[in-house]
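Working through the structure, step by step
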Amino acid sequence: MTKSEALFERAVKRIPGGVNSPVRAYGAIGEAPRFIDRADGCYIYDVDGNQYIDYIDSWGPMILGHNFPEIRESVVKACEKGLSFGCATEIEVEMAEFICERIPHVDMIRMVNSGTEAVMSAIRAARGYTGKNKIIKFMGCYHGHSDAMLVSAGSGVMTSGVPDSAGVPKGCTEDTMLAVYNDLDSVKMLMEQAKGQVAAVIVEPVGANMGVVPPKNGFLEGLRLLCDENDALLIFDEVITGFRLAFGGAAEYFGVKPDLVTYGKIIGAGMPVGAYGGRLDIMEMVAPVGKVYQAGTLSGNPIAMAAGLTQLKYLYAHPEIYTSLEKKGSRLYGGMEEILKENGLHYHLNHISSLGSLFFTEEEVVDYASAKTADTKAFAEYFKAMLNAGIHMAPSQFEAMFLSMAHTDEVIDETLEAIRKYFR
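Scoring rules and cut-offs
Residues numbered from 1 in each chain as written. Predicted model: local features only at pLDDT ≥ 70, side-chain atom pairs only at ≥ 80, totals over all residues. Heavy atoms only, no water. Helix = DSSP H or I, 4+ residues; strand = E, 2+ residues; numbered from the N terminus. Rg over C-alpha atoms; globule rule 2.2 N^0.38 Å. Buried < 20%, exposed > 50% of the residue type's maximum accessible area, 1.4 Å probe, protein only. Areas by Shrake-Rupley, 256 points an atom, 1.4 Å probe, with all protein chains shown as cover. Core = buried A, V, L, I, M, F, W, Y, C linked by side-chain atoms within 4.5 Å. Contact = heavy atoms within 4.5 Å. pLDDT = per-residue confidence, 0-100. Axes fitted to C-alpha atoms, helices over the stretch in contact; angles between N-to-C directions. Parallel < 35°, antiparallel > 145°, perpendicular 65-115°, else oblique. Left-handed = near helix turned anticlockwise from the far one by under 90°. Nonpolar A, V, L, I, M, F, W, Y, C, P; charged D, E, K, R; others polar. Pairing = 2+ DSSP bridges. Salt bridge = Lys/Arg side-chain N within 4 Å of Asp/Glu carboxyl O. Phe/Tyr/Trp six-rings, centres within 6.5 Å; stacked < 30°, edge-to-face > 60°.

What follows deals with the overall build of the protein. Looking only at helices and strands, one finds 14 helices and 14 strands in the protein. The globule rule puts the C-alpha radius of gyration for 424 residues at 22 Å, and the 21 Å found for the protein is close to it. Across its three principal directions, the C-alpha atoms of the protein cover 55 × 55 × 45 Å. Burial status across the protein gives 53% buried among its 424 residues. For the protein, the exposed surface amounts to about 18,200 Å²; the carbon and sulfur share of it is 51%.

Here the focus is the nonpolar core. Counting 63 residues, the largest nonpolar core has Ile99, Ile136, Phe138, Leu223, Phe243, Ile267 and Leu315 as its most contacted members. Here the element with the most residues in this core is helix H10 (residues 302-317); it accounts for 8 residues. In contact with Ile99, other than residues within four places in its own chain, are Val106, Ile109, Met111, Phe243 and Leu312. Listed in part, the 33 residues of the second largest apolar core include Tyr26, Leu340, Ala406 and Ile419.

The next thing to look at is the confidence of the model for the protein. Taken as a whole, the protein shows an average pLDDT of 94; of its residues, 97% reach a score of 70 or greater. The low-confidence segment residues 153-161 (pLDDT under 50) makes 24 contacts with residues lying over four places distant or belonging to another chain.

At their nearest, the axes of helix H13 (residues 376-388) and helix H14 (residues 409-423) sit 10 Å apart, and the two run at 130° to each other. On the basis of their axis angle, the class for H13 and H14 is oblique. The hand of the H13/H14 crossing is right-handed. Contacts between H13 and H14 involve Ala378, Glu381, Tyr382, Ala385 and Met386 from the former and Ala418, Ile419, Tyr422 and Phe423 from the latter. When the residues that make up the contact of H13 with H14 are grouped by side-chain class, the tally is 8 nonpolar, no polar and 1 charged.

This part takes up the sheet that holds strand S9 (residues 260-263). Working definition: the strands of a sheet are paired by backbone hydrogen bonds and lie parallel or antiparallel to each other. Spatially, S4-S10-S9-S8-S7-S5-S6 is the arrangement adopted by the 7 strands of the open sheet, whose pairing is mixed. A strand with exactly one partner marks an edge of an open sheet, and here the two such strands are strand S4 (108-112) and strand S6 (176-179). Neighbour to neighbour, the strand axes of the sheet diverge by 20° on average, direction disregarded. Bridge count between S9 and strand S10 (residues 274-278): 4 bridges; the pairing is antiparallel. The residue bridging Thr262 from the neighbouring strand is Tyr276, located in S10.

A separate point is the side chain of Arg244. Turning to its location among the elements, Arg244 is positioned in the loop between strand S8 (233-237) and helix H8 (249-254). Apart from the residues within four sequence positions on either side, Arg244 is in contact with Asp57, Gly60, Met62, Ile63, Ile266, Tyr322, Leu325, Ser354, Leu355, Phe402 and Leu403.

Moving on, we get to the pattern of salt bridges. Scanning all chains against the criterion turns up 15 salt bridges. Here Asp413 ties to Arg331 by a salt bridge, and the two come within 2.9 Å at their closest N and O atoms. Of this pair, Asp413 sits in helix H14 while Arg331 sits in helix H11 (residues 320-342), and the two are 82 residues apart along the sequence. The exposure class assigned to Arg331 is partly exposed, which follows from its relative accessible area of 35%. Of the charged contacts in the structure, one is a salt bridge between Lys384 and Glu381, with a shortest N-O distance of 3.4 Å. One end of the pair is Lys384 and the other is Glu381, both in helix H13 and 3 residues apart, which spans about a single turn. The network of salt bridges with common partners includes Arg224, Asp228, Asp259, Arg279 and Asp281.

Right, let's get into the packing of aromatic side chains. For the structure shown, the criterion picks out 21 aromatic pairs. On the basis of an interplanar angle of 75° and a centroid distance of 5.6 Å, the ring pair of Phe138 and Phe219 is categorised as edge-to-face. Remark: Phe219 occurs in helix H7 (residues 219-229) and Phe138 occurs in strand S5 (residues 134-138); sequence separation between them is 81 residues. With a centroid separation of 6.2 Å and 55° between ring planes, the pair formed by Phe379 and Tyr382 is classed as tilted. One end of the pair is Phe379 and the other is Tyr382, both in helix H13 and 3 residues apart, which spans about a single turn. Ring pairing ties together the aromatic residues Tyr26, Tyr347, Phe360, Phe379, Tyr382, Phe383, Tyr422 and Phe423, which thus form one cluster.

What follows is about unusual backbone geometry. In this structure, the amide linkage connecting Ala287 to the following residue, Pro288, adopts the cis form with an omega of 10°. Structurally, the position occupied by Pro288 is in the loop between helix H9 (280-283) and H10. Within the chain, Asn182 stands out as a residue other than glycine whose phi angle is a positive 70°. With respect to the secondary-structure elements, Asn182 resides in the loop between S6 and helix H6 (184-193). Of the residues examined, Asn182 reaches a relative accessible area of 11% and is grouped as buried. Here the phi dihedral of Ser353 falls at roughly 55°; this positive angle occurs in a residue that is not glycine. Along the chain, Ser353 turns up in the loop between strand S11 (348-352) and strand S12 (355-359).

This paragraph deals with the pairing of S11. In this structure, S11 lies alongside S12, joined through 5 bridges in antiparallel fashion. Following the sheet pairing, Asn350 is matched in S12 by Ser357. The turn linking S11 back onto S12 is made up of 2 residues, and Ser353 within it adopts a positive phi angle of 55°.

On to the sheet that holds S11, then. If you walk across this open sheet you meet the 3 strands as S11-S12-S14, and the pairing is antiparallel. The outermost strands of the open sheet, each flanked by one partner alone, are S11 and strand S14 (401-402). Here S12 runs beside S14; their pairing, made up of 2 bridges, is antiparallel. Looking at S14, one finds that Leu355 is bridged to Phe402.

Right, dumping it as C-alpha cells:
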C-alpha cells in the first residue's frame, strides 16, 4: 500500500469522501487521490516521492509556477509581523489601489475569502443596486457553492432553477434562471419572460468548469447589449480568467466591459482570497457606505495580500508573460491536436491561451449539453495513463488544464511525447 492510499484510508473515516473539496476526489477514476507533499516550478511531488508535471496549478493561481521565490519571500516577511489582525491594514489599501488604478472597469473593490464569497456578494450588490431579484446564469458555468448558484444544469432553458444539491431549499433558487452558454436567443427569451425583473446576468466569460468552452464571436458583446437594453447588470466571473488571459482578464482580452467582476485565488497567488469590484455607484451600495451587507474577519488578510500583491505587481511589470503563455498554449494544445490527427481521432480539443481541455467526443463542444457528450470512461483511462507517465491533470473530464510560466518548451514536449505514446 502506498502512503497516499494509507492516508486516504484514514481520511475517509474523518473527512466526507476523504477530501476537503470534491474536485480532489479520484472517484471517477477508481483510485485513491495522490496526497501532495510539496511543489516547485511546474512540478508537484506526492508523499510517496513521485514527481509529476503539474497542469492543475492549484486550479489556476500559480501562473508564475509553484513556490515562486519573490512570493515566498513576501509571505515569510509578512508572517513575521503576525498572521491575522481582524483590523484594517496598509497592504489592503495598496492592493485596492493597485487593482483599481490598472483595471478600467474596477473603480472600487472589496476583498473577501474565496471565489464563492465573491460571487455571492456581487449578486447581492447587483440586487441591491437594481432593486430586482432575478439572476440569469448559464448551464455548465460554475459560480461557487452559494445556494442561489447551485442550480441543476439540465438540458434546455429553464425559467426557474431546481436546486442541484441537497440542503438547498427550492426557494433559494427560484429567482435563478438558466440560459444556454453561447446562445444569445436563450438569454433574450428569459429577459422577455421576466421583463423588468432581471437584476443581472452572470457568466464565466470563458466557460472553464464544463471543460474549457470559449465564447463564440459576438456572444459576450451580445450579453453586454442585452443587459443595457434591459437595465440589468453584467457580471463577469473571472475567478479562472482574471489576470490569466490578460492582466485585465477576459474583459481586456475580449474588449467587453462588465459592470461587476469577481476574482478568486489568483489575487492571493494561491492563498485563500477573493474579491468583487466594479462601477463606483454599484460598489457604494456595499456596507458600511450602503445598505448591502457583507463582512468577513479574514477579508484582506495581510498574508494573502502580501502574496497576491507581489504576484500582481510582477505580472503587471512583465506584460510579455501573457504573450509567452499564448505561445506555450499553442505549443501544448496545438501539439495535442496534431497527435489526434496523426491517429485519426476526432476528439475535440478546446483551448484559449494557457487554458485547455481535451474532450473525448466527436461533437464540437460549445455549451454544457455538448460537453456532456464526452466519454468519461475514456477520459478516466487517459487520466490514469498520464498519471503513470508523470503528468498531473485534474481527475475530471470537465476541468481545465492550466499552464504556467514554469512550463518550459522541454516540459511541454515531454508531455506531448507521453500523450503521443498513449494514442499510438
